[in-house]
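Results of the structural survey
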Amino acid sequence: MRLFFALPCPPAVAARVIAWRKEQGVDGRLIPAANLHMTLAFLGEVPVERLETLTALGDELQLEPCTVVLDRVERWHQGLISVIASETPVPLASFIKELNQGLMGLGFSIDRRPFVPHMTAARKSRQRPLDFPSLEWPVERFALFVSENIEGGVQYRALKEWLAR
Ligand code: ATP
Ligand code: MG
């Protein structure tokens with residue numbers, strides 16, 4: 001299973017991002033509303049037997065409710081349009097640290113690059129949108145997602161969700 005931990009995008013945030021995308025005429029492969037998320041840790045292919053240890057890790061971790069402010073847009077490799085938070089809220093930073101430590105303890109390799117809170121809005125876009133209005137993302141939950149290939153694309157499904165507390 002192709003797994004990752006992420007923040008599911010709150011519906012109100014998804015609606016704003018989709019409206020913004022339309023206004024700006026963002027082209028390319030637009031990420032469907034249901035797939036919008038912020039990746040916290042990407043695990044890649046994981047044998048199904050390891051699922052239980054991962055959900056146990058999620059049970060142990062504590063994410064304090066906080067607010068991520070998405071405040072700019074960039075165009076990355078292969079026309080990937082990313083909406084980005086210039087600052088990582090302290091509770092989210094400490095959560096990422098604990099998550100990575102937990103994952104390393106379980107033998108998973110983790111991303112060495114510093115965490116930049118971002119959400120992919122589109123891929124293969126030809127232009128960078130001009131601007132992004134600052135947008136608040138109330139962080140109320142995190143989840144372990146499985147990335148599944150479906151007809152015509154990919155689908156992310158939450159296997160387990162935890163409330164911030
Ligand atoms: P596809 O690879 O089929 O184009 P995708 O990239 O959206 O689709 P996945 O590759 O399953 O789907 O990735 C799931 C999530 O994890 C996405 O948010 C993706 O950006 C992120 N991700 C994928 N690979 C990595 C990686 N090596 N490091 C960090 N994040 C990653
Ligand atoms: Mg990918």
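Here, the structure is the one placed above.
Residues numbered from 1 in each chain as written. Chains lettered and ligands numbered in written order. Predicted model: local features only at pLDDT ≥ 70, side-chain atom pairs only at ≥ 80, totals over all residues. Heavy atoms only, no water.

Points about the site of ligand 1
Surveying the vicinity of ligand 1 reveals the residues Arg2, Phe4, Arg29, His37, Thr39, Phe42, Asp111, Arg113, Arg123, Ser147 and Tyr156. One of the side-chain N or O atoms of His37 is found 2.6 Å from an oxygen atom in ligand 1. Taking Thr39, its side chain carries an N or O atom lying 2.7 Å from an oxygen atom of ligand 1. Surface burial for ligand 1 is 66%, taken as the share of its 600 Å² of free accessible area covered by protein chains. Judged by the fraction of its atoms near the pocket grid, ligand 1 is located in the largest pocket. Mapped onto the shell around ligand 1, the elements with two or more residues apiece are β1 (2-8) and β3 (37-45). In terms of residue class, the shell around ligand 1 is built from three nonpolar, three polar and five charged. (Near = heavy atom within 4 Å. Polar contact = N/O pair within 3.5 Å; in protein donor to acceptor, adjacent residues only side chain to side chain. Areas by Shrake-Rupley, 256 points an atom, 1.4 Å probe, with all protein chains shown as cover. 1 Å grid on protein atoms, 1.4 Å probe; cavity = no way out; pocket = protein on both sides within 12 Å on 5 of 7 lines; lining within 4 Å. Sits in = over half its atoms within 2 Å of the grid points. Helix = DSSP H or I, 4+ residues; strand = E, 2+ residues; numbered from the N terminus. Nonpolar A, V, L, I, M, F, W, Y, C, P; charged D, E, K, R; others polar.)

Here we look at the sheet that holds strand β7 (residues 118-123)
Read across the sheet, four strands follow the order β2-β7-β6-β5 without closing on themselves; strand pairing throughout is antiparallel. Each edge of the sheet is formed by a strand with only one pairing partner; in this case those strands are β2 (29-30) and β5 (72-75). Two strands pair when backbone bridges link them, and β5 and strand β6 (residues 81-84) are joined in this way by four bridges, in the antiparallel orientation. Pairing of Val73 across the sheet is with Val83, part of β6. Where helix α1 (residues 11-24) meets the sheet, its contacts fall on β2, β5, β6 and β7, and the angle it forms with β7 comes to roughly 40°. (Pairing = 2+ DSSP bridges. Contact = heavy atoms within 4.5 Å. Axes fitted to C-alpha atoms, helices over the stretch in contact; angles between N-to-C directions.)

A word on unusual backbone geometry
At Gln78, a position not held by glycine, the phi torsion is positive, near 55°. Summarising the element assignment, Gln78 is placed in the loop between β5 and β6. Of note in the backbone geometry, Lys124 takes a positive phi value of approximately 55° without being a glycine. Here Lys124 is to be found in the loop between β7 and β8 (135-139). Residue Lys124 is classed as exposed on the basis of its relative accessible area of 53%. (Buried < 20%, exposed > 50% of the residue type's maximum accessible area, 1.4 Å probe, protein only.)

On their own, these measurements won't tell you what the molecule is for.
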